[in-house]
Amino acid sequence: MRDAFIDLLRQSALKDPRIILITGDLGFGVLDRYRAELPHQFINAGIAEQNMTGLATGLALEGYRVFTYSIGNFCSLRCLEQIRNDVCYHNANVKIISIGSGLGYGALGMSHHATEDVSILRALPNLHVYSPSDLSEVKVLIGALMSYDGPAYVRLGKVALASNSVRTVAINDCNRWREPRLDVSCILLTHGTTATLAQSVCEQLPFNCEVYTIPCIKPLPDNALYTLLKGKRLVVTIEEHTLLGGFGSAIGEYLLDKGITVPLYRFGLPDQFITVGGTSDELRKFCGLEVSNVVATIQRRFQQ
Amino acid sequence: MIQKNSVGLAQKVRLHALSMIRNAKSSHIGSNFSIADILSVLYGKILNIDPKQPKKEDRDRFLLSKGHATAILYAVLAECGFFPVNELKTFYQAGSLFLGHTNCKVCGIEFSTGSLGHALSVAAGIALAAQWRKKAFRTFVLLSDGECDEGSNWEAILFAAHHRLSSLTAIVDYNKIQSLDTIANTLALEPFRDKWEAFGWEVLECDGHNHKQLEQCLKLGFKNKHCPHVLIAHTVKGKGVSFMENTVLWHYRSPQGEEYEAAKDELGYA
């Protein structure tokens, strides 16, 4: 995901000299080709994310299309006020690229877990929030970022996901993960790194379910969501992010606002720091984000 | 370029700011008066700007980082013709764009501030764009001394020197008083000049109320073409009204009643 995104950005930057990539001294091995081919469209701002974001705003106000890059919370929470006051208030053309979404950096500990970013950033006016699930969504995301001159936050998983090149996707849509099924009564919605988990859950549930990924968390794809969710018996959200205010909450807000009456089960990370080590997969399981737990919980609640 | 009698401009804008802050029952008059002369020289003598073309590409950029001192900037812009002077009356009013901190929705304002420690980084980005595109315009940013507590400024100071942003000029309003106490009693900045120099900036110092010195420093004073520049302007908080000068009190106190009348008398009727 990360590598694919940067490569697509490189290809766009080769054609558009206004594109500038600024890193906060991270991206070892990932940014090498971009840097070699586009030395004049690349800045290493050093380990100084507040300045990186203000600097990006200044460049954007002068007509550049600026991408800031770092891992986890460094380019988001560390410089949140610069994002809010400088980037968002001025509607500056700055795209914030955060790598290693959720528990992507596993055993590196809570400093590297980006687990509250969606809640916090989707609250900022003018900011679009994206979380692609596979290469096909990364491709349409790049196109969307290039055709939109305002601020955006992009949440990228560190590792590549299972290839799913056959599906047709759009950035402002609910994108079905697998083949359509008949008489669907349950919809699983997800974003980012949890699409394959959601699909496994879907296959084990005794209902006719479909998984949809939503790459644009803000603004949500209004009409597509309405059509998809209206009249269903159950909606489930799964995300590698805190349950407080994240994507699941956004879907809950949407259902309330639209007057769609349907049970909503949300799966995500609990309201606590993870203080133990483990790979990303191990930590997801530790937090209950595993197929058997999600399936059992849905079945238990559905029977109530 | 706007050619104005900067001394006369400074007197007018102090009176405007006094009325605006009195009517709004707001604060920061000391911080406003502290920079009245700096802004008057900048807008009257230095900046290449045109109120008829406020966004012309080759204009000099000015960013007020100490956005709480915005009343006097609005007053300067009004006196320079960016909008009618009577719009200043809407300062703080419901629905007005003339907010209590610098608002870019007002004609002539480049960038909104209010939270300290933001504008120098943005100015560095603008200056970097000018460097890349070989543009001749200059970028000025006015900081408060207390604002230099913010670590983000020092990130920007490092960056601007590393990238040799010679079209960038910072001005520090060094009145030596911050919100609750003196700078010396809060977070001492001295040796202040040495800090900037150690970070690779060319430094000039002047009396921040002496228009001739300000003009000389800002126009042709800086000699090094390979680094950013900073003018440490030694100022008096509340300058122009004797009972406001050099007091912590008048950072927040609002001039009402007899105090307002006394201040107006001291400033003179423009």
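Whatever comes next refers back to the structure up there.
Note that this is a predicted model, so its numbers are computed, not measured. (Residues numbered from 1 in each chain as written. Chains lettered and ligands numbered in written order. Predicted model: local features only at pLDDT ≥ 70, side-chain atom pairs only at ≥ 80, totals over all residues. Heavy atoms only, no water.)

(A) Spatial organisation of the overall build of chain A. Each helix and strand in chain A was counted, giving 11 helices and 12 strands. With the C-alpha coordinates of chain A rotated into their principal frame, the extents come out at 60 × 40 × 35 Å. Relative to its 304 residues, chain A shows a buried fraction of 62%. By sequence separation, contacts in chain A at least 24 residues apart represent 75% of the contacts at least 6 residues apart. (Helix = DSSP H or I, 4+ residues; strand = E, 2+ residues; numbered from the N terminus. Buried < 20%, exposed > 50% of the residue type's maximum accessible area, 1.4 Å probe, protein only. Contact = heavy atoms within 4.5 Å.)

(B) Region of interest: the pairing of strand β1 (residues 19-23) of chain A. Residues and elements named next belong to chain A. Burial runs high along β1: five of the five residues are buried. The alternating pattern of β1 places Ile19, Leu21 and Thr23 and Ile20 and Ile22 on opposite faces, both of which are buried. Summarising the sheet, β1 and strand β3 (residues 65-71) pair through five bridges and their orientation is parallel. When the sheet's bridge partners are listed, threonine 23 is paired in β3 with tyrosine 69. In the sheet, β1 pairs with strand β2 (residues 42-44) via three bridges, with the strands oriented parallel. Bridged to threonine 23 within β2 is asparagine 44. (Pairing = 2+ DSSP bridges.)

(C) Highlighting the packing of aromatic side chains. For the coordinates displayed, the defined rule picks out 13 aromatic pairs over all chains. Relative to B:Phe91, the ring of B:Tyr74 has its centre 6.1 Å away and its plane inclined at 70 degrees; by these criteria the two rings are edge-to-face. Of this pair, B:Tyr74 sits in helix α4 (residues 70-79) while B:Phe91 sits in the loop between α4 and α5 (119-132), placing them 17 residues apart in sequence. Neither residue differs from the other here; B:Tyr74 and B:Phe91 are each classed as buried. Taken together, the aromatic side chains of B:Trp154, B:Tyr174, B:Phe192, B:Trp196, B:Phe199 and B:Trp201 make up a single cluster linked through ring pairs. If you follow A:Lys158 out to its NZ or CZ, it ends over the ring of A:Tyr105, 5.0 Å from the centre. If you follow B:Arg61 out to its NZ or CZ, it ends over the ring of B:Phe137, 3.7 Å from the centre. (Phe/Tyr/Trp six-rings, centres within 6.5 Å; stacked < 30°, edge-to-face > 60°. Lys NZ or Arg CZ within 6 Å of the ring centre and 35° of its normal.)

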